[in-house]
Amino acid sequence: MSAALVGLIAGMALGFAGWFGGFGAFLLVAALGAVGFVAGRLVDDGTDIRSFLSGRDRGRR
């Protein structure tokens, strides 16, 4: 799936949430979309969630 198509779907979901649910629903959909984006990037990159949350400085100490 191309990035343009994913952006189109996300934009339509935010538009529907804003139109039918108001600004609070718009913010909720945007926040959950951001969480889903980060989780998808972690899965695509094969990054372990523990190493992602621990930060970069952990290995230097």
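Note: the structure precedes this text.
Residues numbered from 1 in each chain as written. Predicted model: local features only at pLDDT ≥ 70, side-chain atom pairs only at ≥ 80, totals over all residues. Heavy atoms only, no water.

(A) Quick look at the overall build of the protein. Tallying secondary structure elements over the protein gives 2 helices and 0 strands in all. Accessible surface computed for the protein: about 5300 Å², of which carbon and sulfur atoms make up 67%. (Helix = DSSP H or I, 4+ residues; strand = E, 2+ residues; numbered from the N terminus. Areas by Shrake-Rupley, 256 points an atom, 1.4 Å probe, with all protein chains shown as cover.)

(B) Quick look at the environment of Val29. Here Val29 is to be found in helix α1 (residues 3-45). A residue is classified by how much of its surface remains accessible, and Val29, at 32% relative accessible area, is partly exposed. Along the primary structure Val29 and Phe16 are separated by 13 residues, whereas in three dimensions their C-alpha atoms are 9.8 Å apart. Here Val29 is in contact with Ala13, Leu14 and Ala17, once residues within four sequence places are set aside. (Buried < 20%, exposed > 50% of the residue type's maximum accessible area, 1.4 Å probe, protein only. Contact = heavy atoms within 4.5 Å.)

(C) A look at the packing of aromatic side chains. Across all of its chains, the model carries 2 aromatic pairs by this definition. Ring plane angle 15 degrees and centroid distance 6.1 Å describe the contact between Phe16 and Phe20, whose orientation is recorded as stacked. Of this pair, Phe16 and Phe20 both sit in helix α1, 4 residues apart, which is roughly one turn of that helix. An identical accessibility class is assigned to Phe16 and Phe20; each is exposed. (Phe/Tyr/Trp six-rings, centres within 6.5 Å; stacked < 30°, edge-to-face > 60°.)

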